Amino acid sequence: MWERFWQLLFPDRCHGCGCFGALLCQACVAQFTRYVGDIPVCGATTFTIAFVYTGVLRSAILAVKYARQRRLGTALGQHLAAQPWASDDAVIVPLPGSTQRVAHRGYDQAVVLAHAVACVRKIPLSRQLVRVRQTTAQAKLNRAQRQHNVAGAFVWQGGVPPPQVILIDDICTTGATIAAAIAAIHQAGPCHVHVVVLARGMKLHTA
Ligand SMILES: [Zn+2]
């Protein structure tokens, strides 16, 4: 009731084109560039990347990360859930962001995405993968620096992992962070990790 009233006063507008009715309209989502290309080697059983990190999607992800557009993150998660990927017979696990950056933002964008996916697909969500070490932002690092930066950054807490884990993240570039997360899950016990990522970042600093 309150939400309907709020919607009347402040109707949602599309982040891409500004039209009323949704935070991301169907026409703008239809323009997301589907990712077809190589998949990082990282120990995953399956690895799904939905889109390329470009255009309206890139701008939307940046708004979630830096402009506190949390509901836009939920909308992105709902679109990620609608993509064809792996079994639903699993537990959803968000790849936790840097605690400093999460504290600054007030929420973890991977958790927002994962929560939306879990709601749409009706899969349980687990927060047992935690970040135990602060890492430098990966954006300005090359591939080797990224691997070194995130090694040992994660740990799986609270018993053995479930047999099937769906690991959710917003962006992957080299896959170094995801590889470190999978290593932490496997260290806690044998399981299949299915990675589902919203977008692949294609630009990598090589200096
Ligand atoms: Zn639009």
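Here the residue numbers are simple positions, counted from 1 along each chain's written sequence. Given that this is a predicted model, residues contribute local features only at a pLDDT of at least 70 and side-chain atom pairs are listed and counted only at 80 or more, while totals for whole chains, interfaces and linings are drawn from all residues. No hydrogens and no water enter the side-chain calculation; it runs on all heavy atoms of the structure.

Caption draft 1: The pairing of strand S5 (residues 164-172), seen in detail. Only protein chains enter the accessibility calculation, which uses a 1.4 Å probe; a residue is then buried when its area is under 20% of its type maximum, exposed when over 50%, and partly exposed in between. We count a stretch as a helix when DSSP gives it H or I for four or more residues in a row; a strand needs E for two or more, and each element gets its number in order from the N terminus. In terms of residue burial, S5 counts as a mostly covered element, since eight of its nine residues are buried. The rule for pairing is simple: two strands pair if DSSP sees at least two bridges between them. The pairing of strand S2 (residues 91-94) with S5 spans four bridges and is parallel. Within S5, the residue paired with isoleucine 92 across the bridge is isoleucine 166. In the sheet, S5 pairs with strand S6 (residues 192-200) via eight bridges, with the strands oriented parallel. Bridged to isoleucine 168 within S6 is valine 196. Handedness of the S5-helix H8 (residues 176-188)-S6 crossover: right-handed. Call a crossover right-handed when, viewed with both strands pointing away from you, the route from the first strand across the helix to the second goes clockwise.

Caption draft 2: Fine view of the coordination of the zinc ion. For Na, K and Ca the donor cutoff is 3.2 Å, while for all other metals N, O and S atoms must lie within 2.8 Å; water is not among the atoms, so some sites may look incomplete. Looking at the zinc ion, the protein donor atoms are Cys14 (SG), Cys17 (SG), Cys25 (SG) and Cys28 (SG), and they sit 2.2 to 2.4 Å from it. Every geometry call rests on angle ranges, with four donors termed tetrahedral when all angles are between 85 and 135 degrees, four termed square planar and six termed octahedral when opposite donors are over 155 degrees apart and all others are between 65 and 115, and everything else termed irregular. Every donor counted, the four donor atoms about the zinc ion form angles of 106 to 115 degrees at the centre, which fits tetrahedral coordination. Each donor residue of the zinc ion belongs to the same chain, and together they define the spacing C-x2-C-x7-C-x2-C. In this structure, cysteine 25 and cysteine 28 share a single accessibility class: buried.

Caption draft 3: Here's a closer look at a nonpolar patch on the surface. Like-charged residues are merged into a patch within 9 Å and nonpolar side chains (Val, Leu, Ile, Met, Phe, Trp, Tyr) within 5 Å, provided each residue has over 30% relative accessible area and no salt bridge. Per-residue and other accessible areas follow the Shrake-Rupley method at a 1.4 Å probe size, with only the shown protein chains counted as cover for residues. The term salt bridge refers to a pairing of a side-chain nitrogen on Lys or Arg with a carboxyl oxygen on Asp or Glu at a separation within 4 Å. Taken together, the side chains of Trp2, Phe5, Trp6, Leu9 and Phe10 present a nonpolar region at the surface, about 600 Å² in accessible area. Mapping tryptophan 2 onto the fold places it in helix H1 (residues 2-9). Residue classification places tryptophan 2 among the exposed residues on the basis of a relative accessible area of 58%.

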